[in-house]
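# Understanding the architecture of this molecule
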Amino acid sequence: MASLKELRARIGSIKSTRKITSAMKMVAAAKLRRAQASAEAARPYAAAMRRMLGELAAATKGEEGAPRLLAGTGQDKIHLLIPISSDRGLCGGFNSNVNRLTLQTIKKLQAEGKTVKLLPVGRRALSFFTRDYADLIVDKVTGFSGKDVPFSVASDLGDKINALLEAGEIDVCTLVFNKFRNAMTQVPACQQLVPMVMDDVVAKADAASTTAEDVAQYEFEPDEATLLAMLLPRNLQVQIYASLLETAAGENGARMTAMDNATRNAGRTIDSLSKVYNRTRQTNITNELIEIISGAQAV
Amino acid sequence: MPIQIEIISPEKVLVSREVDMVVMPGMEGDIAAMPERAPMMLLLRGGVVSLYENDTVTDRYFVGGGFADMTATRCTILADEAKPVSAISIDNATAQLEALTEVWDKADKNDISRLDVLQEKILSVRAEIDAGSSGF
């Protein structure tokens, strides 16, 4: 059995761990609120973008020579996967969920004979994939999570994808990230960026054009094709930005939950250790008393 | 009859209210959005969006390029970046212009598409400096 001194030291160290985890929980909760607010603030732009894209897609429907961002390269050989993780750990299964889903997707695609390329976002995904798949990594983005996500991160990433696509180095591009359900649950999911999944947008556009508000035909300046060519890269950036914001919110949500659990576990461990400590102390006192009494009787 | 104007940057909604007229910098010239206008989609260059109420300018916002979507009752401006003209920092903008000029000097002069993008950025920053220094 551990001595009293050892027990005291262990209780002390767990108490300070509990202080740290509960402080981290508070910080994560505060950051979560901020991240959620900025995710919500970014929604109107994405919504308006979708509406415009729907109008444009409806206007250019059936025309030839659609931009690659919209239609892809017409092939399905080289896949670019973009796992979005956080830069720091201590947030439960948040990062490993994304990494695991990416890993499964890589294996599935490779089994189908496709070439896979990786563009990890966040240090956790980068270090995970550097271990086994270093030769697949074409680029990386790290060092922004934990702060407010600037739009420039998303626009740079969008430009990189666009450049790879135009150079013919990728055919399909997919994001893997944690969808933010609520502070407790984040669901890892794949979202295809290129070629764009237009079904819902076009359906919405068809629905919109039949409603009374926008019956009149849209004018475009400059022409539809030029506008579409300008709007598509923006839309790509906006989608990436949305997923970055969701990741930021999810990271803090996951950390809050993980730290809450850790704090509770620490409390429980302190309780049980204190019980052992008190019992040991009593036993020691009893032993000492027995020794004294039996000593006195012997005299 | 007023028109609903929204200026939205990727980060947030800057303005959402009713005004009489909005003048915005279209890629091919300035355009005003007024009530009962035919629906139109427009590519914007960097410049100043002015909001009019009763024939006077009430607010001016700088947008660094973007898109506008106008209908009879509303006008939505999707700006790449947007801020009130009063919030422009001329020092920052000047530094940005210098950095861009440097990039321009180093850029491959045969890469037309890249030069186009750079030129647009430079024009946009110049417009920002102009807007900021004109005061309001």
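Each residue is numbered by its place in its chain's sequence as written, counting from 1. Labels are handed out in written order, letters beginning with A for the chains and numbers beginning with 1 for the ligands. In keeping with the model being predicted, local features are shown solely for residues with a pLDDT of at least 70 and side-chain atom pairs are shown and tallied solely at 80 or more, while totals for entire chains, interfaces and linings include all residues.

- The name given to chain B in an unreviewed UniProt entry is ATP synthase epsilon chain, and the organism recorded there is Acetobacter farinalis.
- UniProt positions are given in the numbering used here, feature names are shortened, and annotations may be inferred rather than shown by experiment. What UniProt states about chain B under its Sequence similarities (unreviewed entry) heading is, verbatim, "Belongs to the ATPase epsilon chain family."
- Under the UniProt heading Function (unreviewed entry), the entry covering chain B gives this text: "Produces ATP from ADP in the presence of a proton gradient across the membrane."

- As annotated in an unreviewed UniProt entry, chain A is ATP synthase gamma chain from Acetobacter farinalis.
- What the UniProt record of chain A gives under Function (unreviewed entry) is the line "Produces ATP from ADP in the presence of a proton gradient across the membrane. The gamma chain is believed to be important in regulating ATPase activity and the flow of protons through the CF(0) complex."

## Remarks on the overall build of chain B
- A count of helices and strands for chain B gives 2 helices and 8 strands.
- Only DSSP runs of H or I with at least four residues qualify as helices, and only runs of E with at least two residues qualify as strands; both kinds are numbered from the N terminus onward. Its helices and strands in sequence order give chain B the pattern β-β-β-β-β-β-β-β-α-α, from N to C terminus.
- Both definitions apply: the radius of gyration is a C-alpha atom measure, and the globule rule equals 2.2 Å times residues to the power 0.38. Taking 14 Å as the expected radius of gyration for a compact globule of 136 residues, we find that chain B reaches 16 Å, a close match to that expectation.
- If one aligns the C-alpha atoms of chain B with their principal axes, the spans along those axes are about 50 × 30 × 25 Å.
- In chain B, which comprises 136 residues, the share counted as buried stands at 35%. Exposure criterion: with C-beta atoms placed from backbone coordinates, a residue whose C-beta has 20 or more other C-beta atoms within 10 Å is buried, one with 12 or fewer is exposed, and one in between is partly exposed.

## Some words on the overall build of chain A
- From N to C terminus, chain A includes 8 helices and 5 strands.
- For chain A, the C-alpha radius of gyration of 28 Å lies well beyond 19 Å, the compact-globule estimate for 299 residues.
- Its C-alpha atoms give chain A principal-axis dimensions of about 115 × 45 × 25 Å.
- Evaluated residue by residue, chain A yields a buried proportion of 33% over its 299 residues.
- It is the C-beta atoms, placed from the backbone, that decide contacts: two residues are in contact if theirs lie within 7 Å. Contacts spanning at least 24 positions in sequence make up 80% of the contacts within chain A whose residues lie at least 6 apart.

## Topic: the packing of helix H2 (residues 43-60) of chain A against helix H8 (residues 224-298) of chain A
All names here are of chain A.
- The angle between two axes is taken between their N-to-C directions and runs from 0 to 180 degrees, where each axis is a line fitted to C-alpha atoms and a helix contributes only its stretch in contact. Two elements in contact, H2 and H8, have axes separated by 10 Å at closest approach and are oriented at 145 degrees. Relative to H8, the crossing made by H2 is left-handed. Taken together, the residues of H8 that come into contact with H2 (itself represented by Tyr45, Ala46, Met49, Met52, Leu53, Leu56, Ala59 and Thr60) are Glu224, Ala225, Leu227, Leu228, Leu231, Arg234, Asn235, Val238 and Ala242.
- Ten residue types, Ala, Val, Leu, Ile, Met, Phe, Trp, Tyr, Cys and Pro, are classed as nonpolar, four, Asp, Glu, Lys and Arg, as charged, and the remainder, Gly among them, as polar. Along the lines of polarity and charge, the residues of the contact of H2 with H8 split into 13 nonpolar, 2 polar and 2 charged. Helix crossings get a hand from a simple test, with the near helix turned counterclockwise from the far one by less than a right angle marking a left-handed crossing and a clockwise turn marking a right-handed one.

## A closer look at the interface of chain A and chain B
- On the side of chain B, 20 residues touch chain A, which itself brings 23 residues to the contact.
- Only helix H1 (4-41), H2, strand E5 (219-221) and H8 of chain A provide two or more residues apiece to the side of chain A that touches chain B.
- Examining the composition of the side of chain A that touches chain B, we find that 6 residues originate from one element, H2 of chain A, more than from any other.
- At least two bridges found by DSSP between two strands are what make those strands a pair. As defined by bridge partners, E5 of chain A adjoins strand E5 (residues 40-53) of chain B across 3 bridges and the pair is classed as parallel. What sits directly across from glutamate 221 of chain A, in E5 of chain B, is leucine 42 of chain B.

## Side note on unusual backbone geometry
- Cis geometry is adopted by the peptide bond preceding proline 195 of chain A, which originates at valine 194 of chain A and carries an omega value of -10 degrees.
- Summarising the element assignment, proline 195 of chain A is placed in the loop between strand E4 (186-194) and helix H7 (199-210).
- Backbone torsion omega between glutamate 221 of chain A and proline 222 of chain A reads -10 degrees, so that peptide bond is classified as cis.
- Following the sequence through the fold, proline 222 of chain A ends up in the loop between E5 and H8.
- We note that glutamate 36 of chain B has phi near 65 degrees; this positive angle belongs to a residue other than glycine.
- Taking the number of C-beta atoms within 10 Å as the measure of exposure, glutamate 36 of chain B has 9 and is therefore exposed.
- Not every positive phi belongs to a glycine, and aspartate 55 of chain B is a case in point at roughly 65 degrees.
- By the secondary structure assignment, aspartate 55 of chain B is in the loop between E5 and strand E6 (56-70).
- When the 7 C-beta atoms within 10 Å are taken as the criterion, aspartate 55 of chain B is described as exposed.

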